[in-house]
Amino acid sequence: MHSSVMVLAGVTCIAGIFPVLYGTKAHRWMLTASSMLGRLFITANFAIVYLYTLELYPTCIRNGALGVVATFARIGGALAPYILNFSNLVSGKVGRIMPMVLMGALSIIAGLFSLLLPETNNRKMMDNFNDLTKSGELKFACAIPGYDNDTYKILSEIHEELINEYIPKSEDEGEVVYDKCLIYSNTTENGNRTTQKCSSWVYDKTNTHTSITTQGNCELGILRPFS
């Protein structure tokens, strides 16, 4: 919803350049109409994006995350009047359309990039980072080094053997659980196997896309033995 609204806002803003380039004074109402429609869509998206942002983050960081993104929104609002002055850089009709093209293009780009974010419809809101890997939420695993066809789900016995060779595992209530942050690196002199942080991950893309948030939940740059 928010993606389509942002794209529509950008399109209507850019559409306002045609009355400026090819119209006369009698067509100024078209410019006013496209500007008002763009403002309408942006205002609608502003209300939606706040709710969507709250649904993206777990409760433990929700307030802080909303504060950070709201700060960047205020920065954009502070820069907006200066964008209007871009028309002074180029004379004529081309200079007059520069602010509309820039604002419209940024809105379209932001709307398209937001398609990469996970869907939150009918999904329970997360309380902490552990909820990211529960059923129906974000699922990921360490990628096997040098195995180009690696996937989140085990595809065959050979694939399972490779996973057991590279990924540390444990048991939780009788169920095998593979480590999501570490892979085996080498074997020490006393027979213990050392591990290192995963450099890449594979994801269950049935519910979500690749997320930096899940990668950031792992320990960073720590080597430790895993027996």
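Note that the structure is predicted; figures quoted are calculated from it, not measured.

A. Focus on the UniProt feature "transmembrane region" (unreviewed entry) in the chain. As annotated in UniProt, the feature "transmembrane region" (unreviewed entry) corresponds to residues 33-52, 64-84 and 96-117 in the numbering used here. Between the first and last C-alpha atoms of residues 33-52 the distance is 28 Å; the span itself is 100% helix and 0% strand. Secondary structure across residues 64-84 divides into 100% helix and 0% strand, with the first and last C-alpha atoms of the span separated by 32 Å.

B. Structural detail: the packing of helix α1 (residues 2-15) against helix α5 (residues 92-113). Orientation of α1 relative to α5, taken along the N-to-C sense of each, is 160°, at an axis distance of 7 Å. By the criterion of interaxial angle, the relationship of α1 to α5 is roughly antiparallel. The handedness of the crossing between α1 and α5 is left-handed. Between α1, through Ser-3, Met-6, Val-7, Ala-9, Gly-10, Val-11, Cys-13 and Ile-14, and α5, the contact on the second element is made entirely by Met-100, Val-101, Gly-104, Ala-105, Ser-107, Ile-108, Ala-110, Gly-111 and Leu-112. Partitioned by chemical class, the residues of the contact of α1 with α5 number twelve nonpolar, five polar and no charged.

C. Fine view of the state of the cysteines. Across all of its chains, the model carries one disulfide by this definition. Between Cys-142 and Cys-198 runs a disulfide, and the two sulfur atoms are separated by 1.7 Å. Across the S-S bond of Cys-142 and Cys-198 the torsion is about 85°, and the bridge reads as right-handed. Placement of the pair is Cys-142 in strand β1 (residues 140-142) and Cys-198 in the loop between β5 (193-197) and β6 (201-203), with a sequence separation of 56 residues. On the basis of relative accessible area, Cys-142 is assigned to the buried category, the value being 4%.

D. Structural detail: the packing of helix α4 (residues 59-84) against α5. At a minimum axis separation of 8 Å, α4 and α5 run at an interaxial angle of 145°. In contact with Ala-80, Ile-83 and Leu-84 of α4, α5 contributes Pro-99, Leu-102 and Met-103. Taken together, the residues of the contact of α4 with α5 break down into six nonpolar, no polar and no charged.

Cut-offs used in this document
- Residues numbered from 1 in each chain as written.
- Predicted model: local features only at pLDDT ≥ 70, side-chain atom pairs only at ≥ 80, totals over all residues.
- Heavy atoms only, no water.
- UniProt positions renumbered as here; feature names shortened; annotations may be inferred.
- Helix = DSSP H or I, 4+ residues; strand = E, 2+ residues; numbered from the N terminus.
- Axes fitted to C-alpha atoms, helices over the stretch in contact; angles between N-to-C directions.
- Parallel < 35°, antiparallel > 145°, perpendicular 65-115°, else oblique.
- Left-handed = near helix turned anticlockwise from the far one by under 90°.
- Contact = heavy atoms within 4.5 Å.
- Nonpolar A, V, L, I, M, F, W, Y, C, P; charged D, E, K, R; others polar.
- Disulfide = S-S within 2.5 Å.
- Buried < 20%, exposed > 50% of the residue type's maximum accessible area, 1.4 Å probe, protein only.

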